[in-house]
Amino acid sequence: MSHPLEHREVPAASGDILLKGAGYGIRMIFPETGSEDKLLSDLEKLFGEASLLSDNLGVVFDFQGRKVSRYFIQKLLSDFIWSRKMKILSWISLDGETLDDLRSMGVATGEPVPERSGKKEKTSGNALFLPRSLRSGQRVEHEGDVLVIGHVNDGAEVFASGSICVWGKLKGLAHAGLDGGEDHTVVAGLFEAKQVRIGGKVSSSLGSSMEWWGKPVIITLENNSLVVRELKL
Amino acid sequence: MDPRVIVITSGKGGVGKTTTTSNISVALARAGHKVVAVDADIGLRNLDVVMGLENRVVYNFIDVLEGTCRLNQALVRDKRVDNLFLLPAAQTRTKDAVSADQMEELCGMLRKEFDFILLDSPAGIESGFRNASIGADEALVITTPEVPAVRDADRIIGLLESMGKSPIRLVINRLRSRLVKQGEMLDVRDVLDILAIDLVGIVPEDDSVVKSANRGEPLTFGDSAPAAQAFQRIASRILGETVPFPDFSEEQGRGFFAGIRKFFGRKE
């Protein structure tokens, strides 16, 4: 199954370690070949350059079939995880010996399960309250939820790591769950947008023929599909 | 009165900035104010042609800024009406020939001489637009009732707001009420709903605009054409007068055949 955020794949500076955006945060994929010293130096560069790693995102280490030494794990813990207060969600390995070592450490070794909508309301970071309309060419990007008390005109853009609520008309682009979060929503007082995005899912086949066009809507991502419902309060 | 510097802009090209600038300049001058129309579209100057003054252009405002000539040498006086002047742009230079500081300096010089300084901005949102707008206090945004033009106007309004221009007022140009009636064109309410700024004028589609541009004779030198009357009303509103907006849907079907239909009581 292709991951919805594969377009955000970022090769590390060395080209060896891969970073993938995912619903839960970042997946760091280590190559199966190459020395551990080189990987450690690549990680140093990566943490120096990749600002996304400094955010409070969950990280999954995926060692694939690589045999990882205890020394390497110790260096990961001391030089990166503890010193940078990283939030490691899981350590994944296909190598039996490495997996045994990881399990003996008592860390999670399975695939992380993203939180699904419906289980609890999710907010991320602070909400941004915008008591005005956004005109064409104006762009808002925010870590957290965004509330626009006004219109988002054609050509304006709102990007939020959380949910987006537009009190007035949504004619421009709204992208909720910018960091890959799939359990966020887009709400519009009047929906006339040609495209909407949640997480890594893009829906562009929108148009005035839709029955909820020009009406208040709530848009969610369910089973990897964007679902639009007329909002009746 | 304090001098007023007004930029006429649109974002999209071809919506009527130069036509509006020339006609409002004439109307304000005819109302007794000392007016200069500045062609701020360096490299693509048109205002001199539309105003019928191209054969009298010797210097341009770049020459003034570079010290090649004095301001009054570059100003072209329109002999058809008192107190109307044109300050042309250079046709052989590019937008990069002036800086924002120089344009502010130019506006400062013009403020000492004129009641109204109307700046005809180039299309686009780049340095030409920014330089044209930098020295202005207020703005007239021109749009036609078409989706791309309205979107570009929205973009320009956002930029003007961020530059602190006030008031920013809207002119809806080339309204064709027959198309509006057929649902093929945005109506005035649609445009205002999107742009959410004060409306200062609606100019109906009028063939005489094309003829006047080709002749170099702004319509507001006469009073009969529907577009001329619309530009006159805009000038009056700029001067602070309260002028009602006519219902252009009533103007459909003007002319000989409409007269006959009216005579026989037929409805379309």
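Our structure's up above, just so we're on the same page.
Parameters at a glance
Residues numbered from 1 in each chain as written. Chains lettered and ligands numbered in written order. Predicted model: local features only at pLDDT ≥ 70, side-chain atom pairs only at ≥ 80, totals over all residues. Helix = DSSP H or I, 4+ residues; strand = E, 2+ residues; numbered from the N terminus. Buried ≥ 20, exposed ≤ 12 C-beta atoms within 10 Å, placed from the backbone. Contact = placed C-beta atoms within 7 Å. Core = buried A, V, L, I, M, F, W, Y, C linked by C-beta atoms within 7 Å. Pairing = 2+ DSSP bridges. Axes fitted to C-alpha atoms, helices over the stretch in contact; angles between N-to-C directions.

Regarding the overall build of chain B
Along chain B, the regular secondary structure elements total 12 helices and 8 strands. Relative to its 268 residues, chain B shows a buried fraction of 49%. Relative to all contacts within chain B whose residues are 6 or more apart in sequence, the contacts with residues 24 or more apart total 76%.

Remarks on the nonpolar core
Membership of the largest hydrophobic core comes to 81 residues, with the highest contact counts inside it found for B:Ile6, B:Ile117, B:Leu118, B:Leu119 and B:Phe231. Setting aside anything within four residues of it in sequence, one finds B:Ile117 in contact with B:Pro3, B:Val5, B:Val36, B:Val38, B:Cys107, B:Leu110 and B:Arg111. The next biggest cluster of nonpolar side chains, apart from the first, holds 25 residues, and it includes A:Leu134, A:Val158, A:Val186 and A:Val228.

Remarks on the sheet that holds strand β7 (residues 139–142) of chain A
Residue and element names in this part refer to chain A. Across the sheet, 5 strands lie side by side as β7-β9-β11-β13-β14; this open sheet has mixed pairing. Since the sheet does not close on itself, it has two edges, and those belong to β7 and β14 (201–203), each with one partner. When the angles between neighbouring strand axes are averaged without regard to direction, this sheet yields 10°. Bridging between β7 and strand β9 (residues 157–160) involves 4 bridges; their strand directions are parallel. The residue of β9 that forms the bridge with valine 140 is valine 158.

Some details on unusual backbone geometry
Leaving glycine out, the prevailing phi sign among residues is negative, and the prevailing peptide bond configuration is trans. Residue B:Pro167 is bonded to the preceding B:Ser166 through a cis peptide linkage, with omega at 0°. With respect to the helices and strands, B:Pro167 occurs in the loop between α7 (147–162) and β7 (168–175). The backbone of A:Asn223 shows a phi angle near 50°, a positive value even though the residue is not glycine. Within the secondary structure, A:Asn223 is located in the loop between β15 (217–222) and β16 (225–230). Judged by local crowding, A:Asn223 falls into the exposed class, with 6 C-beta atoms found within 10 Å. Although it is not a glycine, B:Ala196 sits at a positive phi angle of roughly 50°. Here B:Ala196 shows up in the loop between α9 (188–195) and β8 (198–204).

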